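# A structural walkthrough
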Amino acid sequence: MLLCTVIIVFAFPQNSLKEKNASFDTFCQTVKKNEKKRSSEQIIRIGDSLYKASSDNWQQVSSSFVTIQGYEMQNNWNKALKVALRADSIAQKKSLILLKPRTTAVLGSLYSNLGLYNKSIDYLSKAEQLANHLNKEEALVNKSLIYQRISAVYQKQKDYEKALTFNLKALNIIENLKKEFPSNDYAATRIPVLLNLGVNYHNLGQYELSKKYYRKGFNSIIGSENNFYLSYFYIKYAANEIKLKNADSALFYIDKSKVLASKFEDKTLQFEIDSRLSEYYFLKNDLKKSDSIKNKLLEHYKDKTQSEMLAIQDIIHTNERKIVGESRNTSIFIIISAILAIISLLLYFFHQHQKKKIKIHFENIIQDFQNGKLLESKPSQKKEDNTAGKKTQLPEKKIEELLQRLDTFEKKNEFTTKNLTISNMASLFKTNTKYISYILQEYRGMNFNDYLNHVRIKFVIQKMINHPEYLNYKIDYLAEVSGYSSHSRFAQMFKKEIKLSPSEFILQLSKKNK
């Protein structure tokens, strides 16, 4: 995970710059740190104003980094890319040797954000080559940044081992800078690397090691409660606590991050907070709140997708003419691939949520079974009825007789008889259908059809739980032993009774029995 592509850019060693540009660069860095809690629009306006007031090409490029950060906070990749291409063009044409690696690296990260990973790696490799032309200190500063950006690309491709390797290289460079050039303060440059290392170890499932790097980051930012990075450290720490099922601790850090995030206008940070909140409520089994937040996340994906598509189209039609010239089919392929990738992500997100929901529901069913409450039938609530003659009147002795017969009927599984009707049941009980309806409604809380489906589905569920060999039988057979003559009718009633299909229930029970 990499924050805004420009926010982690290091300040240059001051002896490398002219005095006026050193002051200008320092001011731009201060704006990007955003300790004054400016909105994205304010940052964009400051960047544009600085660009217009620039006295040379250096200042034009440096101010462009401010503007890019503002657009990235809005996830406005199209405008961010336009400004980055303009800055890179100035740096390359005017031979701004110190700035060339920076502008090229920023473009590399932006292409990564658009899912153009090969193009991103090409630009970042070019940035590394450009850094080799600088003096040792400047080269190391740039390479540390470039390695973090390369790590972010592999992170997005889920190649977590490679991502970790490049972040460790970045950290090693910073440690060497501190030793070799003690006159310049490089302590603050460790902060984004510590954050990204925490993310690396989190993705590798090494949660305690991840928390170690997050804590190092906390310690580096002590006294800067409004620091933009601190809100990210908190929300990433919360992600670890959720994985470790420490719900209370997770909520504590989510809330701390929310307090800081309210001072910034950053969509990526807000998305992180909403994602963790959704996971927290899911962990607490509050599916209603979890689903509510997921709707916000889907809207975020939609906005992000639209922004990415605009940027990709802009690459194709204006900024990268040679791509269009080489092949129109390639351009179309890029767009289609981006759309399919985003759709796949949304489908995966939804599928994972459904799987978790099914698992929790299944576990509740098993818990009810173990507590002897599986599909408990509830007698109807008797209401006073002052209308004479409308209510069936039965002698207590007759009621007791029918209830005993009903108990035998259920214990002997007589309900599994195929094509059983209420008339058949009345014959078995040596009574009439009116009395059967009365007994079922008053003492089972259901009409005949609902009652029959209820006891049949409960019967087959108990069979599968108590006799695992039933899990190997075809659904046709399960339908037959339950009294159904139709596979589809059995599946329909099964789903109606327990909100899971037969195949979903069998899959979950098979996993549990392993």
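The structure under discussion appears in the preceding block.
Described below are features of the structure shown in this document. Small disclaimer: the values here were computed from a predicted structure and weren't measured.

For the chain, the helix and strand inventory stands at 23 helices and zero strands. When each of the 514 residues of the chain is scored for burial, the buried share is 50%. Pairs at least 24 apart in sequence give 66% of the contacts found in the chain among residues at least 6 apart. Approximately 25,800 Å² of the chain is accessible, and the part contributed by carbon and sulfur atoms is 50%.

Here we take up the environment of I44. Note on placement: I44 falls in helix α2 (residues 40–53). Considered as a pair, I44 and F65 are 21 residues apart in the sequence and their alpha carbons are 9.8 Å apart. Those residues in contact with I44 that sit more than four places away from it in its chain are T67, G70, Y71 and Q74.

Quick look at the packing of helix α7 (residues 136–156) against helix α8 (residues 160–180) now. Running from amino to carboxyl end, α7 crosses α8 at an angle of 160°, the nearest separation of the two axes being 8 Å. By the angle between their axes, α7 is roughly antiparallel relative to α8. Considering only the axes of α7 and α8, their crossing is left-handed. Of the residues in α8, those in contact with K136, E137, L140, V141, K143, S144, Y147, Q148, I150, S151, Y154 and Q155 of α7 are Y160, K162, A163, F166, N167, K169, A170, I173, I174, L177 and E180. Residues of the contact of α7 with α8, tallied by class, amount to twelve nonpolar, five polar and six charged.

In this structure, I146, I150, F218, F233, I254 and I273 are the most contacted members of the largest nonpolar core, which totals 55 residues. For this core, the leading source of residues is helix α11 (residues 228–243), giving ten residues. Leave out the neighbours within four places in its chain, and I146 touches A105, L124, A127, E128 and A131. With 27 residues, the next largest nonpolar core counts I44, A84, L116 and Y123 among its residues.

Conventions used here
- Residues numbered from 1 in each chain as written.
- Predicted model: local features only at pLDDT ≥ 70, side-chain atom pairs only at ≥ 80, totals over all residues.
- Heavy atoms only, no water.
- Helix = DSSP H or I, 4+ residues; strand = E, 2+ residues; numbered from the N terminus.
- Buried < 20%, exposed > 50% of the residue type's maximum accessible area, 1.4 Å probe, protein only.
- Contact = heavy atoms within 4.5 Å.
- Areas by Shrake-Rupley, 256 points an atom, 1.4 Å probe, with all protein chains shown as cover.
- Axes fitted to C-alpha atoms, helices over the stretch in contact; angles between N-to-C directions.
- Parallel < 35°, antiparallel > 145°, perpendicular 65-115°, else oblique.
- Left-handed = near helix turned anticlockwise from the far one by under 90°.
- Nonpolar A, V, L, I, M, F, W, Y, C, P; charged D, E, K, R; others polar.
- Core = buried A, V, L, I, M, F, W, Y, C linked by side-chain atoms within 4.5 Å.

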